[in-house]
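Close look at the chain arrangement
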Amino acid sequence: MFNVKWYFISMVLGFEVGSAICGAAPTMDVLIFGRFVQGFFGCGVYAGGLTSVAMSTTNNERPLYFSGIVVVYGIGSVIGPVIGGAFAQSSATWRWSFYINLVVAAIFAPAMIFCLPSINPVDLSFWKKVKAQDWLGIVIFLAGTACYASKSLFGGPFMLPIFPAVASKIPVIPSASSIGKLQIKADFDFNSGAHIRR
């Protein structure tokens, strides 16, 4: 509904603000707040990138570009912690794990400004687009997601009997440790039975 180019650029700017907050954080509370800002706008960067590709490619081209986004995301997920650890162990300190985002954004800023197509799907004023959003649905969805995440993260361990004959041998424990992921953990507790952890 909004202009895809400026939506994407605004999300990148917000992410960079979060990076600056984290890099300059004097306390852990400020660092956590900065990570919240990064996470909030980082979701927008990802969604904006996918939307921009979807609206500026044909059906035949789209899978190739989407797979490229996933490949870059995967490479970043592997290399990012290595680079961050190198910064933390060097004289540059861990703060450059966040400041490096500002450098990368500055390098690619001209490409984002001058090369991204300006796609405006709906020809309405900004405030009419804001009013057209399903704000009730957005609030309910975000509240439900927050409750589910809290349950998954803070549920704590509890006891549940699993087939007493097998429980003392090799109990397998399903553990939903994060949204959308299911991990299987094994707990070899031969005395008290099987522990099922959320």
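The present account deals with the structure reproduced in this document. Keep in mind the model is a prediction, meaning the values are calculated, not measured.

Our focus in this paragraph is the overall build of the protein chain. Along the backbone of the protein chain there are 7 helices and 4 strands. The secondary structure elements of the protein chain, listed N-terminal to C-terminal, are α-α-α-α-α-α-β-α-β-β-β. A total of 198 residues make up the protein chain; the buried ones form 22% of that total. Here the analysis covers contacts within the protein chain between residues at least 6 apart in sequence; of these, 59% occur between residues at least 24 apart.

What follows concerns the packing of aromatic side chains. In this structure the tally under the stated criterion is 6 aromatic pairs. When the ring of Tyr 46 is compared with that of Tyr 73, the centres are 5.9 Å apart and the planes differ by 50 degrees; the resulting orientation is tilted. With Tyr 46 in helix α2 (residues 28–56) and Tyr 73 in helix α3 (residues 62–89), the pair connects residues that are 27 residues apart, well separated along the chain. Judged by relative accessible area, which is 55%, Tyr 73 ranks as exposed. Taking the centre distance of 6.2 Å and the plane angle of 90 degrees together, the rings of Trp 94 and Phe 98 count as edge-to-face. With relative accessibility at 35%, the residue Trp 94 sits in the partly exposed group. Since its relative accessible area comes to 14%, Phe 98 is described here as buried. Following the ring pairs from residue to residue traces out a cluster consisting of Phe 33, Phe 36, Phe 40 and Phe 41.

The next subject is the environment of Leu 124. Mapped onto the secondary structure, Leu 124 falls in the loop between α4 (96–114) and α5 (126–131). On the basis of relative accessible area, Leu 124 is assigned to the partly exposed category, the value being 39%. Taking the C-alpha atoms as reference, Leu 124 lies 8.8 Å from Met 1; in sequence the two are 123 residues apart.

In this structure, Ser 97 sits in helix α4. Distance from Ser 97 to Gly 23, taken between C-alpha atoms, is 7.5 Å for residues 74 residues apart in sequence. Here the side chain of Ser 97 touches Gly 84 through a polar contact of 3.4 Å, landing on its backbone oxygen.

Right, let's get into the packing of helix α1 (residues 4–23) against α4. Their axes nearest at 8 Å, the elements α1 and α4 cross at an angle of 160 degrees. The pairing of α1 with α4 is recorded here as roughly antiparallel in orientation. Both α1 and α4 take part in a crossing whose hand is left-handed. Taking contact as the criterion, the partners of Lys 5, Phe 8, Ile 9, Val 12, Phe 15, Glu 16, Ser 19, Ala 20, Cys 22 and Gly 23 in α1 are, on α4, Phe 98, Tyr 99, Asn 101, Leu 102, Ala 105, Met 112 and Ile 113. Among the residues making up the contact of α1 with α4, the classes are represented as 12 nonpolar, 3 polar and 2 charged.

A separate point is the packing of α1 against α2. It is at 7 Å that the axes of α1 and α2 come closest, and there the two elements cross at 160 degrees. In terms of orientation, α1 lies roughly antiparallel with respect to α2. Crossing geometry of α1 relative to α2 is assigned as left-handed.

Cut-offs and rules
Residues numbered from 1 in each chain as written. Predicted model: local features only at pLDDT ≥ 70, side-chain atom pairs only at ≥ 80, totals over all residues. Heavy atoms only, no water. Helix = DSSP H or I, 4+ residues; strand = E, 2+ residues; numbered from the N terminus. Buried < 20%, exposed > 50% of the residue type's maximum accessible area, 1.4 Å probe, protein only. Contact = heavy atoms within 4.5 Å. Phe/Tyr/Trp six-rings, centres within 6.5 Å; stacked < 30°, edge-to-face > 60°. Polar contact = N/O pair within 3.5 Å; in protein donor to acceptor, adjacent residues only side chain to side chain. Axes fitted to C-alpha atoms, helices over the stretch in contact; angles between N-to-C directions. Parallel < 35°, antiparallel > 145°, perpendicular 65-115°, else oblique. Left-handed = near helix turned anticlockwise from the far one by under 90°. Nonpolar A, V, L, I, M, F, W, Y, C, P; charged D, E, K, R; others polar.

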